[in-house]
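A structural walkthrough
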Amino acid sequence: MEPILAGILDAISPVSLLFLLAGVAIGVAIGAIPGINGPMAIALFIPLTYYMSPLAAIGFLVGLNKGAFFGGAISAVLLRTPGTPEAAATTWDGYPLTKQGKGEKALRMALYSSVSGDFFSTLLLVIIAAPLATVALYMGPPEMFALISLALTVIAGIGTKSISRGLIAAGLGLLAGMIGTEPVTALPRLTFGIYQLESGLSLIPVAIGLLAFSEILIQLERHIGGASAEDSAMTFSKRPEDRYVSIKELLGSFWTMLRSSIIGVGVGAMPGLGAPVASFLSYDQAQKRSKQPEEFGKGKLEGIAASESANSSVVGASLIPLFVLGIPGNLAAAMLMGAFMIHGMMPGPLLFEQNAQLIYGIFASLVIASVFLLLIGRVGLRLFCRAVEIPASVLYPIVIFTCIIGAYLGQSSVFDVWVMLIFGVIGYFMRKLDFSYVAFLIGFILVPEWERSLQQVVISSQFEPFAFFTRPIAVILMLLTCFVIVKTFVGNLRKKQ
Amino acid sequence: MTRVQRETTTYVAIALACVAMLIWVIPTFTPPYPGYGASPALVPNVAVGLTLVMAVLELIRAGVGRWSGRARPPEDRQYPEDTDSGGFSQLGRLRLGHLARFMIPCALMLPAMEWIGFLPSSVLFLLVIQVLIGGVRPVRAVVLAVVVAGLMYAAVRYGFNVPIPGPYGW
C-alpha cells in the first residue's frame, strides 16, 4: 500500500503535473499536424527528458502520446487529412460534419470518445498489470527468448503486406542492435574499428532518423510544388446544436464507445496489431450494429465515437505487455521502453518489485493525463485547430533542425547526428520499398534482451540442445512462433493465387 | 523500372549483402569464441541467415511466377506510384534527387559547425532548407532562421548545459 500512496503523491507533485500537462498540450498540437504522430513526437522529445526525474519524464512522454492520439483527430476532422494513421477512420464521418459547418461538434465528439476510451484502458492497465507481472516473474530465460522470438514474428507483420519483408526488416534491426560490445566476451563486435560504435548505436538517433527524419523527407516530396495547408478554409456554424454534443447524442453513442474501447483494449494488448487496426475494426462493428448503417460516412457521430474511442484505448492497453513482460506492443511502447532504459530501468515484471513507487506514480499520471486531455481539449479546441494551418516552409525546417539537435543532445556527439542522418536515409528507403521500419526498430530494441536470454540458456544448460523442451511454456511459445510464420506464408501464397 | 524489377533488384542486393556479411564481415569483425556460452557470431549469423532466407524465398517466388507465366496484377507491372494511405506503408517512387537536395545541406552543416561556429551555420542551414522547401517570403525566412537557431542555442547551452559543437562556443 505504501508504494501506491507514495507513487500517487509523486504524480501529483507540481513538477510532475506541470510536465504531464505540457506533454498532453504539446501532444495535441503535434498530433494535429499531418505527418507527425505520437511515436515520432516521443522520439523528438526523449532527448529533453534526460534532465527530468524518471516519473516526470515518463509522464511527459505518456502525456505526449495520449495528446497526439486526440490531436490526430483534429486534422482528420477539419482537413480530411489524418494527423496519425489511426485517425484515418475518423475522417470518414468527421470531415462530412465539417463540411456541414459542424466541425466543432465533431471535434467535441472525438474528444469525449478519446478520453473515455483512454480512461477505460488506463483503468484496465492499473487493475491487471500488477497481478500479471507476478505471474510473469516465473518466466525464465528460455521463456523470455521464446516470447521475444514470437513478438518479433508477430511484429514483422506490421507496416507491410509481406511477412518476408517484415522479417527481413526485423533481421536487419537485430543486426544493427548487435553493433557494439558483445555481452559475453566484452569485446567489440561489428564496429569496423570505429571507436564511437563500441558502446553500440544509441536508440535516440536511430529512432529520430527512422521515425521523424525519414517521414519529413517523404512529407516534403508532397509539399514541394503542391498546395500548402494555408489553402484550407473552414467555416464553423454558430448554432449551439451544431457546436455542442447533447447528452442524448452522447448517451446514444455510449454502447459504441464501450464496444470500441473493448476492441481497442483487446487489440492494444496484443503485440503487433496497433491502433489503426482497432480503429477500423471498431468502425466496421459500429456500422454493422447501427440501425442506420447507410448514414455512416456522411457525418454520423457514432462513426467518430467508434474510431476515436478504439484508437485511444490502445494507448493504455499497449503498455500492458511493456510493463508486464518488457515487450513493447507497438512503436509508442517501444519508444517508452527506450525512455525507461535511458533513465536506468528495464520495463518488465521486476520493475514492479524494484520500482513499485515509480510504476504506481506512472499509473496515477496516466489517469491524470486523461483528465488533462479532457480539460485541454475543451479549453483549447479552437486554438489547436490553428496548428494544422502552419505552412510547410515554416514547420519542416524547424522539425529538421529539431531532429539534428535532438540527435546531438543525447551524448553531445556529432557522430550521433551522422547516425541519425544515415538512419533517416535508411528509413526513407524502407518506407518507399515497403519494408517495415517498425519491425526494424523493435528488433533493434529487443536484440540485447534476446541475446542475453539465449546466452543464459546456453550457459545454464551447458549446450544441452533439448534444454528448451524441458520448459513447456517455452515450447508452446516456439510452436506459436512457427505457427505464425507458416500461417502467414500460406495466407500470402493463397492471396497471390 | 517496374515494381517487380525494383523488388527483384532489392532482394538481389539484400541477398548479396547477406552473403558478404556471412563470408567476410561477421568472421572478420566478431570476437573469437571464448570457450563458453554461445559464439559471439551466432546471433549475427542467425539474423543475417534469416534475412538471406527471406530474400532468396522472395526471389524464388518471383522467379516461379515469371517462369509459370502467370499474369501479375496491373499495379505490380507498373512503375510504383506514391501511396497516401495514411498508414505505415509509403510505397512509392524513389526520388534520389529530392533526397540528395535535403541530405547534402544536412551533411554540410555538420562540418560547417566546426568551421564557422554553431549559430552562423544553423542560421545558414535553416535559410537553405526554407529556400529548398519553397519559402518565398525573405523577411519571414530570415526571422525564422535567426529565432529558431537562437532559441535552440539558448536551450542547448543554458537550458541543458550541453557543450555546443564547434570551436567558438557559439
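Everything here concerns the structure above.
Quick caveat, the model's predicted, so the values are computed rather than measured.

Details of the interface of chain A and chain B
When the parts of a complex come together, some accessible area is lost, and that lost area is often used as the size of the interface. With 73 residues of chain A at the contact, the number on the chain B side is 77 residues. Counting the surface lost from both chain A and chain B, the interface buries some 6,600 Å², and carbon and sulfur atoms represent 75% of this. For the pair chain A and chain B, the number of links is two salt bridges. Notably, a salt bridge pairs A:R165 with B:E7, separated by 3.1 Å at the nearest N-O pair. Our count for the contact surface shared by chain A and chain B stands at twelve residue pairs in polar contact (both at pLDDT 80 or more). When contributions to the side of chain A that touches chain B are tallied by element, the ones reaching two or more residues are α8 (163-177), β2 (188-189), α9 (203-223), α20 (392-409), α21 (414-432), α22 (437-461) and α23 (472-496) of chain A. In terms of residue class, the side of chain A that touches chain B is made up of 51 nonpolar, ten polar and twelve charged.

Focus: helix α7 (residues 141-155) of chain A
Helix length check: α7(A) (15 residues) gives 21 Å between terminal C-alpha atoms against 21 Å at 1.5 Å per residue, within 8%. With 13 of 15 residues buried, α7(A) lies mostly within the body of the structure.

Regarding the environment of A:L409
Its place among the elements puts A:L409 in helix α20. Owing to a relative accessible area of 3%, A:L409 belongs among the buried residues under this scheme. Along the primary structure A:L409 and A:L48 are separated by 361 residues, whereas in three dimensions their C-alpha atoms are 8.0 Å apart. The residues contacting A:L409, other than those within four sequence positions of it, are A:P47, A:L48, A:Y50, A:Y51, B:V156, B:F160 and B:V162.

Re the side chain of A:S279
Residue and element names in this part refer to chain A. Mapped onto the elements, S279 comes out in helix α13 (residues 275-289). A residue is classified by how much of its surface remains accessible, and S279, at 0% relative accessible area, is buried. For S279, the side chain forms a polar contact with the side chain of S307, separated by 3.3 Å. Once residues lying within four places of it in the same chain are set aside, the contact partners of S279 are E86, A89, S307, A310 and N311.

Basis of the calculations
- Residues numbered from 1 in each chain as written.
- Chains lettered and ligands numbered in written order.
- Predicted model: local features only at pLDDT ≥ 70, side-chain atom pairs only at ≥ 80, totals over all residues.
- Heavy atoms only, no water.
- Contact = heavy atoms within 4.5 Å.
- Buried area = accessible area lost by both parts, 1.4 Å probe.
- Salt bridge = Lys/Arg side-chain N within 4 Å of Asp/Glu carboxyl O.
- Polar contact = N/O pair within 3.5 Å; in protein donor to acceptor, adjacent residues only side chain to side chain.
- Helix = DSSP H or I, 4+ residues; strand = E, 2+ residues; numbered from the N terminus.
- Nonpolar A, V, L, I, M, F, W, Y, C, P; charged D, E, K, R; others polar.
- Expected span 1.5 Å × (residues − 1).
- Buried < 20%, exposed > 50% of the residue type's maximum accessible area, 1.4 Å probe, protein only.

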